[in-house]
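Examining the three-dimensional arrangement
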Amino acid sequence: MSLTEGMSNIASYVEFSNQYKVVQRSFRKLTQAFRKFWRLMLTDNVSPEGIAKSLKDVDGLQRRTEALFKQLLKKWPRSVKLLRAYGTFVEEVKQDALTAQRFFKEADSIEDETAEARRRGLTGDGGAQSSDALAHIDDKKDAMIIADETGIMQTVNGVASKMFGYKKEDMIGKNLNILMVWNNEELVVSVLKKI
């Protein structure tokens, strides 16, 4: 993987993180709207207009949250985190345990595949040629980081370790976000998109 590809992967990860935060906020607002509805129902002087407005709020937030989830799933269909979050949404909001279970099983399956790939040397095929390439990652003059689709660093070479000021063993298994300048995330994303 070249530095440009690595930067592109980081940009994609940052984009995913930002969009995932948006869907989480929407889900949270939906949960709050449900609570507000049930609090309203427990009051002594419930008006039909109040119920209608509260149900309209819940319905709008439910549609928005589901649309956001579907948009993200279209772009990142193999994100374990996203699949599990959507499964929770389907189970808790739509009250559809069977469909939710399908998303949970898909997430489990992807995790199993990822674990198997790690056991085979972090390659997609387990072949000797790919393993040899990974064995020579420290010979590279460019910083190299290999991360999975959730942003967890799997392999780091010495140049990347020096560049970011972490020991390799402290980076492996950690999320790429430890390398981000979070107080200026928009600048990082705009720079990465230009590469």
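Residues numbered from 1 in each chain as written. Predicted model: local features only at pLDDT ≥ 70, side-chain atom pairs only at ≥ 80, totals over all residues. Heavy atoms only, no water.

**Section: the overall build of the protein chain**
The secondary structure content of the protein chain amounts to eight helices and two strands. Listing each helix as α and each strand as β along the protein chain from the N terminus yields α-α-α-α-α-β-β-α-α-α. Out of the 195 residues belonging to the protein chain, those deemed buried represent 33%. Restricting to contacts in the protein chain with at least 6 residues of sequence separation, those with at least 24 account for 47%. Surface exposure of the protein chain reaches about 12400 Å², of which carbon and sulfur atoms provide 53%. (Helix = DSSP H or I, 4+ residues; strand = E, 2+ residues; numbered from the N terminus. Buried < 20%, exposed > 50% of the residue type's maximum accessible area, 1.4 Å probe, protein only. Contact = heavy atoms within 4.5 Å. Areas by Shrake-Rupley, 256 points an atom, 1.4 Å probe, with all protein chains shown as cover.)

**Thoughts on the packing of aromatic side chains**
One pair of aromatic rings is described through two measures. These are the centre distance and the angle between the planes. For the coordinates displayed, the defined rule picks out nine aromatic pairs. Taking 5.7 Å as the distance between ring centres and 20° as the angle between the ring planes, the aromatic pair formed by Phe-16 and Tyr-20 counts as stacked. Separated by four residues within a single helix, Phe-16 and Tyr-20 lie in helix H1 (residues 3–41), roughly one turn from each other. In this structure, Phe-16 and Tyr-20 share a single accessibility class: buried. Pairing Phe-69 with Tyr-86 gives two aromatic rings, centres 5.2 Å apart and planes at 55°, and the pair type is tilted. With Phe-69 in helix H2 (residues 48–75) and Tyr-86 in helix H3 (residues 80–92), the pair connects residues that are 17 residues apart, well separated along the chain. Note on Phe-69: relative accessible area 1%, which makes it buried. By the ring-pair criterion, three or more aromatic residues cluster together here, those being Phe-27, Phe-69, Tyr-86, Phe-89 and Phe-103. Above the face of the Phe-103 ring, Arg-102 is positioned so that its terminal group lies 5.1 Å from the ring centre. (Phe/Tyr/Trp six-rings, centres within 6.5 Å; stacked < 30°, edge-to-face > 60°. Lys NZ or Arg CZ within 6 Å of the ring centre and 35° of its normal.)

**Some thoughts on unusual backbone geometry**
The phi angle at Gln-95 is positive, at roughly 55°, despite the residue not being glycine. Mapped onto the secondary structure, Gln-95 falls in the loop between H3 and helix H4 (97–119). A residue is classified by how much of its surface remains accessible, and Gln-95, at 63% relative accessible area, is exposed.

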